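A look at the structure
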Amino acid sequence: MGLKDIFNASNIKRENDNLKQLLTPEMQDAANLMNKISELEKSFDTLCKSVSKKEEKLNQLNCQIEERKKDLITFNDDILVQEFGLYQPRYSYSTSDEYKEQLLKIRSKQKSCIHANHAVDGDMYFKYNNNNTQGVKMVRDMQKLLLRAFNSECDETIHNVKYNNYDMSFKKICSSRDSIERYGKMLKIKVTDEYFNLKSEELTLTLEYQIKKQNEKEELKAARAEQREQAKLEREIEEQRKKIEKEHTHYDTAYQKLKLQLEACPDNAELLAKKAEYEEKLSDIDKALNDIDYRQANLKAGYVYIISNIGAFGENVFKIGMTRRLDPQDRIDELGDASVPFNFDVHAMIFSNDAPALETALHHAFENRKLNMVNQRREFFNVTLDEIKSVVKNNFDKTVEFIDVPDAEQYRISLKMKEH
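Residues numbered from 1 in each chain as written. Predicted model: local features only at pLDDT ≥ 70, side-chain atom pairs only at ≥ 80, totals over all residues. Heavy atoms only, no water.

Some thoughts on the overall build of the protein chain
Counting its regular elements, the protein chain contains 13 helices and 6 strands. Burial analysis of the protein chain (420 residues in total) assigns 30% to the buried set. Here the contacts in the protein chain between residues at least 6 apart in sequence split such that 71% fall between residues at least 24 apart. (Helix = DSSP H or I, 4+ residues; strand = E, 2+ residues; numbered from the N terminus. Buried < 20%, exposed > 50% of the residue type's maximum accessible area, 1.4 Å probe, protein only. Contact = heavy atoms within 4.5 Å.)

Quick look at the structure:
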């Protein structure tokens, strides 16, 4: 800077100072305010530019989050139990072994698909370092790597599939396929529809295989329970027969001796009365033997019972079952074992020559009132006793007597003890 420039700057500064001295305090405040406003406007512009950049960054992050959500498949059990869809079976194989055999076929098809290079597609014209051979090798290696990742995720998902996560499991397999296509986009690598459909079919078959196995387990359990009931009935019949035959032998022996005494004294009133008593007793015994023979020969004869347990299940919940035991109360006592807190109370005990048919008819009458809609062997119904009475008396037997109010002794005493 030359002397002239310094001189001019000095003059300008002096002139500016002189002008400032001419300003009144109000004018000086106004000038300072204008300078402050100018500074604030510059700061506001800078801040707006900064906010705009941050909003742009936030939008980018939100887009990334949405993309990641597509890949995120949650298996939270609490959520799944509340939100699962009702699964509709797609196959109708009659046994779990048939499902298992079909699963083996599906897995065999998957292996054949892999060996024939039909599991994943890829760009076989890709060049690496301008070399097609190296490019094909790269594509093949990447295909193997991505297919291994896809298979690993599918295997874990299929292994953990359940009734309440089937939809989410299928979505997870779809998401895995989409991820493979995204990661292999440059090499045009993606899972083929043929291989994906085989994995989807394996998922469905695995779930239905589990369901069928559970059903077979329940059926086997019911069959074993029926066998135990039949064995108990046979033991009861045999024991009862021995008891009655022993009693018959006792009275018949006494009767024969009495007949010999009557031959010597045919007009003895006391002996004649005794004879009549023995004959009546032997007649009752013969009737009891005939009843035993009938129960043994007629496999359908038995009792249909209607019981409740208000301490365990509350009001208006009844179990409608059937037993062929000679003493049906034995079966009721077994049901009230340690698995429930209180004993069952009997509301009605109906003897029928075809107890299974009567039981089935009552079950059908309250088909939509079952507590367990899945397992047909669970015989609990949410109905009123009046509704059961109406069905029984209008369709089967008008003479059946019902106990309206359950005794529920231990339950009621327990309530009183809690009050005190």
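The structure having been displayed, the exposition proceeds.
Remarks on the nonpolar core
By size, the foremost hydrophobic cluster in this structure holds 29 residues, and its most contacted members are Phe150, Tyr166, Ile173, Val191, Tyr195, Phe196 and Leu203. Where this core is concerned, the elements lending two or more residues are α4 (96-115), α5 (132-159), α6 (166-183) and α7 (193-264). The contacts of Phe150, once residues within four sequence positions are left out, are Ile173, Ser176, Arg177, Ile180, Val191, Tyr195, Phe196 and Lys199. Membership of the second largest hydrophobic core comes to 18 residues, among which are Val304, Ile350, Val392 and Val400. (Core = buried A, V, L, I, M, F, W, Y, C linked by side-chain atoms within 4.5 Å.)

Some words on the pattern of salt bridges
Two side chains bearing opposite charge may form a pair once their charged atoms approach each other closely. All chains considered together, the criterion is met by 21 salt bridges. Note that Glu202 and Arg107 form a salt bridge whose closest N and O atoms lie 3.0 Å from each other. With Glu202 in helix α7 and Arg107 in helix α4, this pair connects stretches of sequence that are 95 residues apart. For Lys137, the salt bridge is made with Asp141, and the minimal N-O distance between the two is 3.0 Å. With Lys137 and Asp141 both in helix α5 and 4 residues apart, this pair spans about one turn of that helix. For Asp141, a relative accessible area of 36% corresponds to the partly exposed category. Each of the salt bridges in this network shares a partner with another, and the network as a whole consists of Glu229, Lys232, Glu236, Arg325, Arg331 and Glu334. (Salt bridge = Lys/Arg side-chain N within 4 Å of Asp/Glu carboxyl O.)

Focus on α4
For α4, which comprises 20 residues, the first-to-last C-alpha distance of 29 Å matches the rise-based estimate of 28 Å (1.5 Å per residue) to within 8%. Among all positions of α4, only Ser96, Tyr99, Gln102, Leu103, Ile106, Gln110 and Cys113 are buried. Looking straight down α4, one finds that the buried residues subtend no more than 120 degrees of arc, so they occupy a single side. Facing away from the buried side of α4, by more than 90 degrees, are the exposed residues Asp97, Leu104, Lys111 and His115. Looking at the packing, one finds that the buried side of α4 touches α7. (Expected span 1.5 Å × (residues − 1). Arc of directions from axis to C-beta.)

Quick look at the side chain of Thr204
Take Thr204: it is sitting in helix α7. Within the structure, Thr204 has its side chain in polar contact with the side chain of Tyr166 (distance 2.8 Å). In this view, Thr204 contacts Tyr87, Arg90, Tyr91 and Tyr166; residues no more than four positions away in its chain are not counted. (Polar contact = N/O pair within 3.5 Å; in protein donor to acceptor, adjacent residues only side chain to side chain.)

Re a nonpolar patch on the surface
On the surface, Leu33, Met34 and Ile37 cluster together into a nonpolar patch covering about 300 Å² of accessible area. Looking at the element boundaries, Met34 is found in helix α2 (residues 25-71). Accessibility expressed as a relative area gives 55% for Met34, which makes it exposed. (Patch = residues over 30% accessible without salt bridge, like charges linked within 9 Å, V, L, I, M, F, W, Y side chains within 5 Å. Areas by Shrake-Rupley, 256 points an atom, 1.4 Å probe, with all protein chains shown as cover.)

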